[in-house]
Amino acid sequence: MFLDLSDEHRRYLERLVSGIQDGSVAETIRRSLERPGTTLVQELRKRPTDQKVIFAVAARSTEIDALIQDGTPAAILRLLHNPRLGMQHVQKILRDPRTQINALLEIYKEQKWIRDGRTRMLFCQHPLAPVDKARDLMPLLPVPALKQMAANRNLRKPLQDQADRLLKSRRS
């Protein structure tokens, strides 16, 4: 079955087997950074999605930052289950307009992240956040955040209107 491979597939399998033989994909990626002039972001760009997903499981703080910068959707989704993921990482994910809806829904479901006011606001302002979920969170936002959302002309109209309604109800 492996006799008739293209050069690209052969190189992919060699990298994968090399990672398994040498310990793990994560360790192989870390070792590749020992070459002078190689950055983690550059190294991640060369890697296939499945290796980024595997790496996301074991990533440490600066590695998490590099994976977020890389923006591969499957790796971002896997990062959300990394025990080393901090609030600052979740907020960085929410600031990225490329973050896909499945990752947004995972963030929404995780109470420890949504309890944070800044995270709630970033979620509500994300261009792909489901309107119903954002509306659920908006009553928990402080007045300054609602004012900012009501004035934000880049925010979707239903959310701007909801911010206006909440502001008016709090004035009464």
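All values derive from a computational prediction rather than experimental measurement.

### Remarks on the packing of helix H7 (residues 87-95) against helix H10 (residues 117-125)
The contact between H7 and H10 brings their axes to 9 Å, and the two run at 15°. By the criterion of interaxial angle, the relationship of H7 to H10 is roughly parallel. The chirality of how H7 crosses H10 is left-handed. Across from Met87, Val90, Gln91, Leu94 and Arg95 in H7, the residues of H10 making contact are Arg118, Thr119, Leu122 and Phe123.

### Some remarks on empty space enclosed by the protein
Under the defined criterion, the tally for this structure stands at 1 cavity of 30 Å³ or more. The space that makes up the largest cavity amounts to roughly 90 Å³. Together, Ile68, Gly71, Pro73, Ile76, Ile93, Asp96, Arg98, Thr99, Gln100, Asn102 and Ala103 line the largest cavity. At the level of secondary structure, the elements contributing two or more residues to the lining of the largest cavity comprise helix H6 (73-79) and helix H8 (101-109). A class-by-class count of the residues in the lining of the largest cavity yields 5 nonpolar, 4 polar and 2 charged.

### Some remarks on the side chain of glutamine 162
Here glutamine 162 lies in helix H13 (residues 157-171). In this structure glutamine 162 comes out as buried when scored by relative accessible area, which is 14%. Other than its neighbours up to four places away in sequence, glutamine 162 contacts Arg135 and Met138.

### What to know about the packing of aromatic side chains
Throughout the structure, instances matching the rule amount to 1 aromatic pair. Ring centres of tyrosine 108 and phenylalanine 123 lie 5.6 Å apart, and the angle between their planes is 35°; this geometry places the pair in the tilted category. Within this pair, whereas tyrosine 108 is found in helix H8, its partner phenylalanine 123 is found in helix H10, the two being separated by 15 residues in sequence.

### As for a positive patch on the surface
A contiguous patch of positive charge, built from Arg135, Lys147, Arg165, Lys168 and Arg171, is present on the exposed surface. Mapped onto the elements, arginine 135 comes out in helix H11 (residues 131-137). According to the relative accessible area criterion, arginine 135 is partly exposed, its value standing at 33%.

Cut-offs and rules
Residues numbered from 1 in each chain as written. Predicted model: local features only at pLDDT ≥ 70, side-chain atom pairs only at ≥ 80, totals over all residues. Heavy atoms only, no water. Axes fitted to C-alpha atoms, helices over the stretch in contact; angles between N-to-C directions. Helix = DSSP H or I, 4+ residues; strand = E, 2+ residues; numbered from the N terminus. Parallel < 35°, antiparallel > 145°, perpendicular 65-115°, else oblique. Left-handed = near helix turned anticlockwise from the far one by under 90°. Contact = heavy atoms within 4.5 Å. 1 Å grid on protein atoms, 1.4 Å probe; cavity = no way out; pocket = protein on both sides within 12 Å on 5 of 7 lines; lining within 4 Å. Points joined across faces, edges and corners; volume = space filled by probe spheres on them. Nonpolar A, V, L, I, M, F, W, Y, C, P; charged D, E, K, R; others polar. Buried < 20%, exposed > 50% of the residue type's maximum accessible area, 1.4 Å probe, protein only. Phe/Tyr/Trp six-rings, centres within 6.5 Å; stacked < 30°, edge-to-face > 60°. Patch = residues over 30% accessible without salt bridge, like charges linked within 9 Å, V, L, I, M, F, W, Y side chains within 5 Å. Areas by Shrake-Rupley, 256 points an atom, 1.4 Å probe, with all protein chains shown as cover. Salt bridge = Lys/Arg side-chain N within 4 Å of Asp/Glu carboxyl O. Lys, Arg positive; Asp, Glu negative; His and termini not counted. Charge placed at Lys NZ, Arg CZ, Asp CG, Glu CD.

All quantities given are derived from atomic positions and should not be read as evidence of function.
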